[in-house]
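Per-entry structural report
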Amino acid sequence: RSPLLTSRTTMSDIVRLQDDDPRMSQIVIHGGIVYLSGQVDQEATDAEGQTKGILAKIDTLLAAAGTDKSKLISAQIWVKDISQHFKPMNKVWCAWLDPKAKPVRATVEANLALPNLLVEIQVTCAV
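Throughout what follows, the structure given in this document is the object of discussion. (Residues numbered from 1 in each chain as written. Predicted model: local features only at pLDDT ≥ 70, side-chain atom pairs only at ≥ 80, totals over all residues. Heavy atoms only, no water.)

Next up on the list: the overall build of the protein. The number of helices and strands found in the protein is two helices and six strands. Listed N to C, the secondary structure of the protein is β-β-β-α-β-α-β-β in terms of helices and strands. For a compact globule of 127 residues, the expected C-alpha radius of gyration is about 14 Å, and the protein comes in at 15 Å, within 12% of that figure. Each principal axis of the C-alpha atoms in the protein carries an extent, and together these give about 50 × 35 × 20 Å. Expressed as a percentage of the 127 residues in the protein, the buried residues total 39%. For the protein, the proportion of contacts with a sequence separation of at least 24, taken over those separated by at least 6, is 69%. Between the mean site of the 14 positive side-chain charges and the mean site of the 14 negative ones, the protein shows a separation of 7 Å. (Helix = DSSP H or I, 4+ residues; strand = E, 2+ residues; numbered from the N terminus. Rg over C-alpha atoms; globule rule 2.2 N^0.38 Å. Buried < 20%, exposed > 50% of the residue type's maximum accessible area, 1.4 Å probe, protein only. Contact = heavy atoms within 4.5 Å. Lys, Arg positive; Asp, Glu negative; His and termini not counted. Charge placed at Lys NZ, Arg CZ, Asp CG, Glu CD.)

If you want it as structure tokens, here you go:
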């Protein structure tokens, strides 16, 4: 049970965390499910490095929500060029993933928000 969900928190309550951005919260918890916003990495210049940075952010955000990747439910992954970026992203994803807790997943090619972004990942997770 997440430390954020107190004895007075009900399943219908919505908890929003890291909501300084005027457009979104980084974390929303509702009904025992943690929803993360799409995560990107602007430090690395290749898909493998960006995926490593993104997954580190996801680990940090899930910990802030009182959970971890062993409780993943779903993942949505966007790559800028599926023919170039899928394989290096997938290599890092598979190394990071708990093999006993594989979520459902979709991966698609997409024109991401900034030209330097090659990968974006969004996950949902049980508390």
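A few words now on the state of the cysteines. For the structure shown, the criterion picks out zero disulfides. C125 supplies the cysteine sulfur nearest to C94, a cysteine that is in no disulfide, at a spacing of 18 Å. The exposure class assigned to C94 is partly exposed, which follows from its relative accessible area of 49%. Relative accessible area serves as the criterion here: at 0%, C125 is assigned to the buried category. (Disulfide = S-S within 2.5 Å.)

With that settled, the discussion passes to the side chain of S37. The residue S37 is located in the loop between β3 (33-36) and α1 (47-64) in this model. Excluding residues that lie within four positions of it along the chain, S37 makes contacts with M24, S25, Q26, I121 and Q122.

With that settled, the discussion passes to α1. One turn of an α-helix holds 3.6 residues; hence residues three or four places apart share an orientation. Look at α1: 26 Å from first C-alpha to last across 18 residues, which is about the 26 Å you get at 1.5 Å a residue. Those residues of α1 that are buried lie in contact with β2 (27-30), β3, β4 (72-79), α2 (82-96) and β6 (119-126). Remark: G66 follows α1 within two positions and exhibits a positive phi of approximately 85 degrees. (Expected span 1.5 Å × (residues − 1).)

Along β3, the buried face is formed by V34 and L36; none of I33 and Y35, which line the opposite face, is buried. In this sheet, β3 lies alongside β2 in antiparallel orientation, the contact comprising four bridges. In the strand pairing of β3, V28 is matched with Y35. Linkage of β2 to β3, two consecutive antiparallel strands, is achieved through a turn of two residues, within which G31 is found at a positive phi near 60 degrees. Bridge count between β3 and β6: three bridges; the pairing is antiparallel. Pairing of I33 across the sheet is with A126, part of β6. (Pairing = 2+ DSSP bridges.)

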